[in-house]
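As a plain string of letters, each chain reads:
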Amino acid sequence: MIKLHDKYFKPFISAKEIDDAISRMATDIANDLGDEIPVFIGILNGSFMVVSDFVKKYPKPCEVTFIKLASYEGLKSSDDIQRLIGLTQDLTGRTVVILEDIIDSGKTLAEVHRIFKGENVKQLLIATLFYKPEAYKKDYKLHYVGIEIPNKFIVGFGLDYDGLGRDIPEVYQIKTIEHMTNIVLFGPPGAGKGTQAEFLKAQYNLVHISTGDVFRYNIKNETALGTLARSYMDKGELVPDEVTIKMLNAEVDKNADAVGFIFDGFPRTNAQAKALDELMATKDSHINAMIALEVDDEVLVQRLLERGKTSGRADDADEAIIRNRITEYYNKTAILKDYYSAENKYFGVNGIGSIEAITVRLSEVIDTL
Ligand code: AMP
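Colleague: Tell me what's going on with the overall build of the protein, and back it up with residues and numbers.
Modeller: Across its full length, the protein carries 13 helices and 15 strands. Over its C-alpha atoms, taken along the principal directions, the protein stretches across nearly 95 × 40 × 30 Å. Residue pairs at least 24 apart in sequence account for 71% of intrachain contacts in the protein once pairs closer than 6 positions are excluded. A total accessible area of about 17,800 Å² is found for the protein, and carbon and sulfur atoms account for 50% of it.

What follows is the structure, given as structure tokens:
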């Protein structure tokens, strides 16, 4: 993903696909024109890359020139096409092939046809690398089209967003942010993340993913992942990032239609936080907030020992292991407060009180997002 000015763009068409499309166009046009020496005319600025690549691939003699029109202002196709550099040679009787980077509304093309109206060329052919059929509003014939694309703003390979992006050798498409709500529920072991997640997921229709629960499920089912995770969990240590991140990605993928997630027990390290950002970006989304339940250590130890009487969790049964989990939290996980604070996404909530009172405190934060 890349950011140009205020917008995010995701990879859309690779350099190889572009190259193949230009090769096809060059072959088709050469076949159709036979021995005639055409004049290829690029429309600046956007077409400079297409023209350069195209003429290198054109297998026969040809002439190349440019005209300069301006059509885009920011993200929208402007009504006002300006002719900045017009024709500078006599094209009477010549076969002219317009080489465009993209045709969307067709307004630039209308201006091209106006320019050629009195030129007495033998024929005027239109070739475009990209074409947006849904946006095209004119009747002019497009003789050669490289790649048809949906009506979404693109940058790269000559195309810009307010001046940036023309130099990129691939094409990127604008990311439309889907309105997901993604929350990291944070806090030391025993803070009440799991309990609160149960209420919040129902209230906000979110998918709750607890990495601890997924590991315990795997242990119960005696999977390879479970066996591996157990060796760390039983000591109160963190499972290695590589394993945990892979598992989390798979859990998120299982819920492709989710309107949002509550992540509980993840991320626990900087590497996990980065991986989570990357994962959300692939869904055209992001983490909205880290909400931390703040509870004193001694209260946590008492809560976990109490839970251990019924939870059946080996890591809740032994005070030394409990304290190790809390130490792991401060050594490796608490730093994530800085990670999310730097993006103004950290919200601390008092985690002591009745379950209902804490749910209300959490909801108050989520409602402001
Ligand atoms: P929890 O149920 O969140 O308290 O997690 C229980 C145990 O599972 C932890 O002590 C770790 O051993 C392991 N675990 C859960 N989530 C993660 C994570 N994000 N990264 C590494 N280990 C984890």
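Colleague: Can you break down the pairing of strand E6 (residues 95-103) residue by residue, with the values?
Modeller: Among the nine residues in E6, nine count as buried, and that is most of the element. For strand E3 (residues 39-44) and E6, the ladder comprises four bridges, and the chain directions are parallel. The residue bridging Ile41 from the neighbouring strand is Ile98, located in E6. Bridge count between E6 and strand E7 (residues 123-131): eight bridges; the pairing is parallel. Each bridged residue has a counterpart across the sheet, and for Val96 the counterpart in E7 is Leu124.

Colleague: Describe the environment of Val360, with residues and values.
Modeller: Its place among the elements puts Val360 in helix H13 (residues 355-367). With 160 residues separating them along the chain, Val360 and Leu200 place their C-alpha atoms 9.7 Å apart.

Colleague: Please set out the packing of helix H7 (residues 241-253) against helix H8 (residues 270-282) residue by residue, giving values where relevant.
Modeller: One way to put it is that H7 packs onto H8 with a least axis distance of 10 Å and a crossing angle of 25°. Judged on the interaxial angle alone, H8 and H7 are roughly parallel. As for how H7 packs across H8, the hand of that crossing is right-handed. Each of Asp241, Thr244, Ile245, Leu248, Asn249 and Val252 in H7 lies in contact with H8, whose residues at this interface are Ala271, Gln272, Ala275, Leu276, Leu279 and Met280.

Colleague: Break down the pattern of salt bridges for me, citing the residues and quoting the values.
Modeller: This model, assessed by the stated rule, comprises 23 salt bridges. Between Lys56 and Asp53 there is a salt bridge, with the nearest N and O atoms lying 3.5 Å from each other. Here Lys56 pairs with Asp53, and both are found in helix H2 (residues 48-57), just three residues apart, close to one helical turn. The salt bridge partner of Glu198 is Lys201, with a shortest N-O separation of 3.5 Å. Of the two residues, Glu198 and Lys201 both sit in helix H4 (residues 193-204), three residues apart, roughly one turn of that helix. The exposure class assigned to Glu198 is partly exposed, which follows from its relative accessible area of 41%.

Colleague: Can you tell me about the nonpolar core, naming the residues and giving the values?
Modeller: In terms of nonpolar packing, the biggest core is built from 29 residues, with Ile18, Ile29, Phe54, Val97, Leu129, Phe130 and Phe157 touching the most fellow members. At the level of elements, helix H1 (15-33), H2, E6, E7 and strand E8 (144-148) are the ones that each hand at least two residues to this core. Among the nonpolar cores identified, the runner-up in size contains 24 residues, and Leu248, Ala273, Ala275 and Ala292 belong to it.

Colleague: Quick one: what's the story with the side chain of Lys345, residue by residue and with numbers?
Modeller: In this fold, Lys345 is placed in the loop between helix H12 (336-341) and strand E15 (346-350). Residue class for Lys345 comes out buried when judged on its relative accessible area of 16%. At 3.2 Å, the side chain of Lys345 forms a polar contact with the side chain of Glu343. With residues up to four places along the chain from it excluded, the contact list for Lys345 reads His286, Ile287, Asn288, Ala289, Met290 and Tyr340.

Colleague: Tell me what's going on with the domain arrangement of the protein, and back it up with residues and numbers.
Modeller: The domain architecture assigned to the protein consists of domain 1 (2-174) and domain 2 (181-367). The distance between the C-alpha centroids of domain 1 and domain 2 comes to 51 Å.

Colleague: An account of the site of the ligand is requested, with residue identities and associated values reported.
Modeller: The ligand sits among 16 residues. The nearest are Thr211, Arg216, Glu237, Gly265 and Arg268. Within the contact set of the ligand, an oxygen atom lies 2.5 Å away from a backbone nitrogen or oxygen of Glu237. Note that a nitrogen atom of the ligand is positioned 2.9 Å from one of the side-chain N or O atoms of Arg268. Protein coverage of the free-state accessible area of the ligand, which is 480 Å², stands at 96%. The class makeup of the residues in the shell around the ligand is five nonpolar, five polar and six charged.

Colleague: Tell me what's going on with the sheet that holds strand E1 (residues 2-4), and back it up with residues and numbers.
Modeller: With antiparallel pairing, four strands are arranged side by side in an open sheet as E1-E2-E10-E9. Strand pairing shows two members of the sheet lacking a second neighbour, E1 and strand E9 (154-155), which therefore form its edges. Direction of pairing for E1 relative to strand E2 (residues 7-13): antiparallel, over a ladder of three bridges. Looking at the pairing, Lys3 lines up with Tyr8 of E2.

Colleague: Could you give me a rundown of the packing of aromatic side chains, with the residues and numbers involved?
Modeller: Aromatic rings in a pair are described by how distant their centres are and how their planes are angled relative to each other. Counted by the stated rule, this structure contains eleven aromatic pairs. Arranged with centres 5.5 Å apart and planes meeting at 80°, the rings of Tyr131 and Tyr136 form a pair that is edge-to-face. For the ring pair Phe261 and Phe263, a centre distance of 5.5 Å and an interplane angle of 25° mean the geometry is stacked. Grouping residues by exposure puts Phe261 and Phe263 together as buried. Counting every residue linked through ring pairs, the aromatic cluster contains Phe9, Phe153 and Tyr161.

Colleague: So what's going on with the side chain of Asn182? Residues and values would help.
Modeller: Positionally, Asn182 belongs in strand E11 (residues 181-186). Of the polar contacts made by the side chain of Asn182, one reaches the backbone nitrogen of Phe261; its length is 3.0 Å.

Definitions and limits used
- Sequence order as written defines residue numbering, which begins from 1 separately in each chain.
- Confidence filtering applies because this is a predicted model: local features only for residues at pLDDT of at least 70, side-chain atom pairs given and counted only at 80 or more, and all residues used for totals across whole chains, interfaces and linings.
- The basis for every side-chain value is the complete set of non-hydrogen atoms in the structure, without hydrogens or water.
- Secondary structure is summarised from DSSP: a helix means a run of H or I of at least four residues, a strand means a run of E of at least two, and numbering begins at the N terminus for each.
- Two residues form a contact once any of their heavy atoms are found within 4.5 Å.
- Every accessible area reported is derived by Shrake-Rupley at a probe size of 1.4 Å, with residue values counting cover from the shown protein chains alone.
- The buried label goes to any residue with under 20% of its type's maximum accessible area, the exposed label to any with over 50%, and the partly exposed label to all in between, with areas taken from a 1.4 Å probe on protein chains only.
- Only strands joined by at least two bridges in the DSSP assignment are considered to pair.
- All axes are obtained by fitting lines to C-alpha atoms, using only the stretch in contact for helices, and the reported angles, taken between N-to-C directions, cover 0 to 180 degrees.
- Oblique is the label for every angle not falling under 35 degrees (roughly parallel), over 145 degrees (roughly antiparallel), or within 65 to 115 degrees (roughly perpendicular).
- Take the far helix as the reference: if the near one is turned anticlockwise from it by less than a right angle, the crossing is left-handed, and if turned clockwise, right-handed.
- Criterion for a salt bridge: a side-chain nitrogen of Lys or Arg within 4 Å of a carboxyl oxygen of Asp or Glu.
- Residues grouped as a nonpolar core are buried Ala, Val, Leu, Ile, Met, Phe, Trp, Tyr and Cys residues, joined through side-chain atoms within 4.5 Å.
- Here a polar contact is taken to be a pair of N or O atoms separated by no more than 3.5 Å, where protein atoms must pair a possible hydrogen donor with a possible acceptor and residues adjacent in sequence count only if both atoms sit in side chains.
- Boundaries of every domain are those given by an automatic assignment or by a domain database.
- Proximity criterion: a residue is near a molecule or strand once any of its heavy atoms comes within 4 Å of it.
- Throughout this entry, Asp, Glu, Lys and Arg are counted as charged residues, while Ala, Val, Leu, Ile, Met, Phe, Trp, Tyr, Cys and Pro are counted as nonpolar. The remaining residues, Gly among them, count as polar.
- When two rings of Phe, Tyr or Trp (its six-membered ring) have centres within 6.5 Å they constitute a pair, described as stacked for plane angles under 30 degrees, edge-to-face for angles over 60, and tilted for the intermediate range.

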